[in-house]
Amino acid sequence: MSPGVQGALRDYNGKLLSLSVTPDGNRRFSRHVKMNHVVEWHKEWVERLKDTLIHLRDKRSNVVDEALFWWLSRQNKNRPEDELRGLFKLIKDAQEELLRIASEKWVHVFMVGDESLLPPDIVDMMADISDRTEQFHSTFRCALALAYDQAWEETRQRQILIDDGFQGSQKDLQEEAFEQAHKWLREPDVMIRAGSEWRHRTSGGFMWPNTALHFFRAHWPTITTKHIDFALHSAIMEEINNGK
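Rules and cut-offs
- Residues numbered from 1 in each chain as written.
- Predicted model: local features only at pLDDT ≥ 70, side-chain atom pairs only at ≥ 80, totals over all residues.
- Heavy atoms only, no water.
- Axes fitted to C-alpha atoms, helices over the stretch in contact; angles between N-to-C directions.
- Helix = DSSP H or I, 4+ residues; strand = E, 2+ residues; numbered from the N terminus.
- Parallel < 35°, antiparallel > 145°, perpendicular 65-115°, else oblique.
- Left-handed = near helix turned anticlockwise from the far one by under 90°.
- Contact = heavy atoms within 4.5 Å.
- Nonpolar A, V, L, I, M, F, W, Y, C, P; charged D, E, K, R; others polar.

Colleague: Just checking my understanding: could you explain the packing of helix H5 (residues 95–105) against helix H6 (residues 120–133) for this structure?
Modeller: Angle between the axes and distance between the axes are the two parameters that describe a pair of packed helices. Look at H5 against H6: their axes get within 10 Å of each other, and the N-to-C directions meet at 15°. By the angle between their axes, H5 is roughly parallel relative to H6. Crossing of H5 over H6 shows right-handed handedness. Across the interface between the two elements, Gln95, Leu98, Leu99 and Ala102 from H5 touch Met125, Asp128, Ile129, Arg132 and Thr133 from H6. Each residue belonging to the contact of H5 with H6 can be placed in one class, and the counts come to five nonpolar, two polar and two charged.

Colleague: How do you make sense of the packing of helix H7 (residues 150–163) against helix H8 (residues 170–181) when you look at a structure like this?
Modeller: Put simply, H7 and H8 touch, their axes get as near as 8 Å, and they point 120° apart. As judged from the angle between their axes, H7 and H8 are oblique. Pair H7 / H8 crosses with right-handed handedness. Every residue of H8 that contacts H7 at Gln150, Glu153, Glu154, Gln157, Arg158, Leu161 and Ile162 is listed here: Gln170, Leu173, Gln174, Glu176, Ala177, Phe178, Gln180 and Ala181. Residue composition of the contact of H7 with H8, grouped by class: six nonpolar, five polar and four charged.

Below, the structure is given as structure tokens:
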């Protein structure tokens, strides 16, 4: 990372950005380094999450004030049982570490997703973390997407509005459903997707129209803060060039 990029990020004083991270490529990474058990690369996922969160708070608090990490899509819920058990165990094991980081760095950590697809103890744990860190909501927000799909959430909100007797046009209904589905975070200014080796695609029903997309061939376990800074630098240059 060039000194110019580092300096631009350090000296930035424009609007705070919202970041979305899709950490793909874990399975391919595990095959590449010949990991023998699925839990091993889930551990790498958690480590990168913690590293990224600490970097954003320690080094980029003048650039970013919220982040969304896609941890498990609704489609991923169909993965093998041993893989899901390993993932859920790691989530539980990470509870105290997440709470420590959130408390030290002033981060509100909370979950978004279909709670009906998750073990009750995971739902209760994430609710507890959210309650204990909610005081930091205005400082920094970190959403963990578990069993989440943006299109599914919009459809769910649309049905709730209809059931509640929404009065208005179909366009108004769609706009209100979109707003309700995303009231927990702003539309991301920039999205990072790791593990995009041969095709560039989003996942989890990602439908935000104005988000700047950055695709990296590197698998999520090998993503570093330099990748994060590269994407953030591109975003702030866009902000500066457009006079925002």
